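Report on the structure
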Amino acid sequence: DKIVHEGDTNTAIRFPSADTISFETAGSERFRLDSSGRLLYGHTSNVTGSLFQINSGANFFAASNDANGAVVDLMKTRSTTPSGNTILQDGDKIGELRFRGNTGAGYVAAATIQAIVNGTPGSGNDLPTDLVFRVQPDGSGNTFEPMRITSSGILLVGKASTSQTYTLQVQSDSNANGIAIYGRSADDIAEIGWYENDGTTKLG
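Structure report, in brief.

What counts and what doesn't
Residues numbered from 1 in each chain as written. Predicted model: local features only at pLDDT ≥ 70, side-chain atom pairs only at ≥ 80, totals over all residues. Heavy atoms only, no water. Pairing = 2+ DSSP bridges. Helix = DSSP H or I, 4+ residues; strand = E, 2+ residues; numbered from the N terminus. Axes fitted to C-alpha atoms, helices over the stretch in contact; angles between N-to-C directions. Patch = residues over 30% accessible without salt bridge, like charges linked within 9 Å, V, L, I, M, F, W, Y side chains within 5 Å. Areas by Shrake-Rupley, 256 points an atom, 1.4 Å probe, with all protein chains shown as cover. Salt bridge = Lys/Arg side-chain N within 4 Å of Asp/Glu carboxyl O. Buried < 20%, exposed > 50% of the residue type's maximum accessible area, 1.4 Å probe, protein only.

1. Topic: the sheet that holds strand 11 (residues 155-158)
Spatially, the six strands line up as an open sheet ordered 7-8-9-10-11-12, and their pairing is mixed. Only two strands of the sheet have a single neighbouring strand rather than two, namely strand 7 (93-102) and strand 12 (168-171). Averaged over all pairs of adjacent strands, the angle between their axes in this sheet comes to 20°, without regard to strand direction. Here four bridges tie strand 11 to strand 12, and the two strands are oriented parallel to one another. In the sheet register, Leu155 faces strand 12, and the bridge partner there is Leu168.

Written out as structure tokens, the structure is:
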């Protein structure tokens, strides 16, 4: 059930079950391709249903003598093929970072960061997008949205909406009563300052 490297018998390509291929080094399985085309790294059975599953973690490097860093690139098109250029629509989710934990009954979403189209995309580089943060409160069983950065650069906290044009908007609800600002110790004075556009001339 395996293909073995001559002179290095603990390195092999195996066929552990129907339509499944596994790859071993030093006598241990490193990753496998299962019957559904899922690549499993660090474990041997499907957990999430995703096509690429890693047990533990992954590092992304940019080892180059230039100013470019490592990139994680999440892309979305309405075309049915990855190379197709079909424009997105208002409300489409471009990508999501999802954090799930096991409660003893399975994995549930504890928090997410989502990029969602907010407006009508246009030709060229016109793609208005919000960045949405969702978390799960204790005992709720569901995530809710405590914060959003809109495509206009407005930070919305709590129940705030874009009906106002202020850069920072906070609206309380039954669980939060507004904004509190503290000094680091009893001798520190917490302060809010208003400045001119130069950022140095204080108005009050």
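Having seen it, we continue.
2. Things to note about the pairing of strand 8 (residues 107-117)
With nine bridges joining them, strand 7 and strand 8 adopt antiparallel strand pairing. Paired with Gly101 across the two strands is Val108, which belongs to strand 8. Counting the residues that bridge the hairpin from strand 7 to strand 8 gives four residues, and of these Gly104 lies at a positive phi of roughly 100°.

3. So, a nonpolar patch on the surface
A cluster of nonpolar residues, Leu168, Val170, Ile179, Ile181, Ile192, Trp194 and Leu203, forms a patch on the protein surface that exposes about 740 Å² of accessible area. Its place among the elements puts Ile181 in the segment after strand 12.

4. As for unusual backbone geometry
Even without a glycine there, the phi angle at Asp19 is positive, about 60°. Topologically, Asp19 is positioned in the loop between strand 2 (8-14) and strand 3 (21-25). We classify Asp19 as exposed; its relative accessible area is 64%. Positive phi, normally seen in glycine, also occurs at Ser56, with a value near 105°. Topologically, Ser56 is positioned in the loop between strand 6 (52-54) and strand 7.

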